[in-house]
Amino acid sequence: HMALLCCCMLVLLGGLGSGRMDPAWFRANNPQACPQQCDCPIQWPTALYCDHRGLAHVPDSLPGRTQYLFLQANNISSLSSSVLANVTDLYWLILDHNQLQSDKLEHASLQNQTRLRYLFANHNRLRSVPGGLPAGLRQLRLAHNRISSISAGAFKNLHNLSVLLLQGNRLQTIAEGELGGLGSLSLLDLSGNRFSSVPRYLPSSVQQLYLSNNSLSGLDADSFAGFLDLKYLRLSHCGLQSSGVHSGVFNSSSLVELDLSYNKLTSIPTVPTTLQYLYLEANTIQEFNVTSFCREVGPLSYSRMKILRLDGNELSYHLLPADWVFCLRVLHRIYI
């Protein structure tokens, strides 16, 4: 028995090598079909590696067992409903770094993939958020495309979607109802688009909102009022000026982290005492107002701030008012 076991191990090791299969060895030792352009790891039979192959199309006759389909870094421009017809258990589809075009994406191509949970199509040529996405989707990553619009009803059935990445696109506005249906969305990345103000009509469930690298004209009192439990807010590189930032805009006790670095702020905005991480580096702040952190100071009235970054401003440590330590009494680090 021991000799047989050793022999089996040697055969397995001969095929594994550096972790990827030798395709010829695999085909000789595996009765299940594997497309000529792809690798099918014997130790992960539900995965299909067709990435970095210079493919112009999704390979034909994909094995029905495929659940994890890696197609990144090819030249694929279209997705037809017939090419995935044989695959009914698809769970994870990665199409990053291809040439996908909105008008070559058949509406029904993904609609029937009821088990699909993760769809990655970053770095393509999409001009709109595709419609016909399956209702079970949990993550949709469409960063660094050319998206300027959202197909009508694109999100209406995506009640389970928790992560939506749209950074590095060309969105200017989000109309009422366009993100309707996203009742479970917790992370929304809209960085590096063309918004001039914080878009209205964002899902109230969002806890992480990233809006950095948009040229925002200002922030109103109710810019973030629609969120039930907003925790992480990124607004770096937005050209924000203190005169355009309403004093009550960050008045949310749920806020944990706020990034306002690389703007044009001349004073520290008013933040809730519950805020723990505040990034204000690379602004033009000239004064340190304790009232920005604490409206009053007492045994129970103090800031919960842990990390405060003020480096790259017009402040120095010896200019801080004497009473700042009573307000920021649990501070771990201050950069100034």
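Cut-offs applied
Residues numbered from 1 in each chain as written. Predicted model: local features only at pLDDT ≥ 70, side-chain atom pairs only at ≥ 80, totals over all residues. Heavy atoms only, no water. Helix = DSSP H or I, 4+ residues; strand = E, 2+ residues; numbered from the N terminus. Rg over C-alpha atoms; globule rule 2.2 N^0.38 Å. Buried < 20%, exposed > 50% of the residue type's maximum accessible area, 1.4 Å probe, protein only. Contact = heavy atoms within 4.5 Å. Lys, Arg positive; Asp, Glu negative; His and termini not counted. Charge placed at Lys NZ, Arg CZ, Asp CG, Glu CD. Patch = residues over 30% accessible without salt bridge, like charges linked within 9 Å, V, L, I, M, F, W, Y side chains within 5 Å. Areas by Shrake-Rupley, 256 points an atom, 1.4 Å probe, with all protein chains shown as cover. Salt bridge = Lys/Arg side-chain N within 4 Å of Asp/Glu carboxyl O. Disulfide = S-S within 2.5 Å. Phe/Tyr/Trp six-rings, centres within 6.5 Å; stacked < 30°, edge-to-face > 60°. Lys NZ or Arg CZ within 6 Å of the ring centre and 35° of its normal. UniProt positions renumbered as here; feature names shortened; annotations may be inferred. Core = buried A, V, L, I, M, F, W, Y, C linked by side-chain atoms within 4.5 Å.

**Thoughts on the overall build of the chain**
Then step 1. Regarding its fold elements, the chain presents three helices and 15 strands.
Then step 2. By the compact-globule yardstick of 20 Å for 336 residues, the chain is too spread out, its C-alpha radius of gyration being 26 Å.
Then step 3. Evaluated residue by residue, the chain yields a buried proportion of 48% over its 336 residues.
Then step 4. Once local pairs closer than 6 in sequence are excluded, the contacts in the chain between residues at least 24 apart make up 44%.
Then step 5. Counting 25 positive and 22 negative side-chain charges, the chain places the averaged centre of each group 5 Å from the other.

**With respect to a nonpolar patch on the surface**
Then step 1. Nonpolar side chains collect at one region of the surface, where Val-297, Val-325 and Phe-326 lie side by side and expose about 270 Å² of accessible area between them.
Then step 2. In this fold, Phe-326 is placed in helix H3 (residues 324-327).
Then step 3. Under the relative-accessibility criterion, Phe-326 is labelled exposed at 52%.

**Observations regarding the state of the cysteines**
Then step 1. Taken as a whole and assessed by the stated rule, the structure comprises three disulfides.
Then step 2. The side chain of Cys-34 participates in a disulfide bridge whose partner is Cys-40; the two sulfur atoms lie 2.0 Å from each other. With the S-S dihedral at roughly 95 degrees, the linkage between Cys-34 and Cys-40 falls on the right-handed side. Each member of the pair Cys-34 and Cys-40 is classed as buried.
Then step 3. Between Cys-38 and Cys-50 runs a disulfide, and the two sulfur atoms are separated by 2.1 Å. Between Cys-38 and Cys-50, the disulfide has an S-S torsion of 105 degrees and is therefore right-handed. Pair noted here: Cys-38 is in the loop between helix H2 (23-29) and strand E1 (47-49) and Cys-50 is in the loop between E1 and strand E2 (68-70), with a separation of 12 residues, a long-range link.
Then step 4. For Cys-38, a relative accessible area of 1% gives the class buried.

**Details of the packing of aromatic side chains**
Then step 1. Throughout the structure, instances matching the rule amount to 14 aromatic pairs.
Then step 2. Here Trp-44 and Tyr-49 contribute two aromatic rings whose centre-to-centre distance is 6.3 Å and whose plane-to-plane angle is 70 degrees, an arrangement assigned as edge-to-face.
Then step 3. Assessed through its relative accessible area of 15%, Tyr-49 is described here as buried.
Then step 4. Positioned above the aromatic ring of Tyr-210 is the side chain of Arg-234, whose terminal nitrogen or guanidinium carbon lies 3.9 Å from the ring centre.
Then step 5. Above the ring of Tyr-302, the side-chain terminus of Arg-304 is found at 4.0 Å from the ring centroid.

**Points about the UniProt feature "domain: LRRNT" (unreviewed entry) in the chain**
Then step 1. Within this structure's numbering, the places UniProt gives as "domain: LRRNT" (unreviewed entry) are residues 33-68.
Then step 2. Helix makes up 0% of residues 33-68 and strand makes up 11%, while its end C-alpha atoms are separated by 16 Å.

**Some remarks on the pattern of salt bridges**
Any two side chains of opposite charge can pair, on the condition that their charged atoms come close.
Then step 1. Evaluated as defined, the whole model comprises seven salt bridges.
Then step 2. Asp-89 serves as the salt-bridge partner of Arg-115, at 3.2 Å between the closest nitrogen and oxygen. With Arg-115 in the loop between strand E3 (92-94) and strand E4 (118-120) and Asp-89 in the loop between E2 and E3, the pair connects residues that are 26 residues apart, well separated along the chain.
Then step 3. For Arg-115, a relative accessible area of 46% translates into the label partly exposed.
Then step 4. Judged by its relative accessible area of 26%, Asp-89 is partly exposed.

**Some thoughts on the nonpolar core**
Then step 1. Counting residues in each nonpolar core, the largest one holds 87 residues, and the members touching the most others are Phe-224, Leu-235, Phe-250, Phe-288 and Phe-293.
Then step 2. Every residue in contact with Leu-235, bar those within four places of it in the chain, is listed here: Leu-211, Ser-212, Leu-216, Leu-219, Phe-224, Leu-240, Phe-250, Leu-258, Asp-259, Leu-260, Ser-261 and Asn-263.
Then step 3. Tyr-49, Tyr-68, Ile-94 and Tyr-118 belong to the second largest nonpolar core, which has seven residues in total.

**Quick word on unusual backbone geometry**
Then step 1. Positive phi is not limited to glycine here, since Tyr-201 has a value of about 60 degrees.
Then step 2. Topologically, Tyr-201 is positioned in the loop between strand E9 (187-189) and strand E10 (208-210).
Then step 3. Its relative accessible area of 46% is what places Tyr-201 among the partly exposed residues.
Then step 4. Residues other than glycine seldom take positive phi values, yet Tyr-262 does so here, at roughly 55 degrees.
Then step 5. On the secondary structure map, Tyr-262 appears in the loop between strand E12 (257-259) and strand E13 (277-279).

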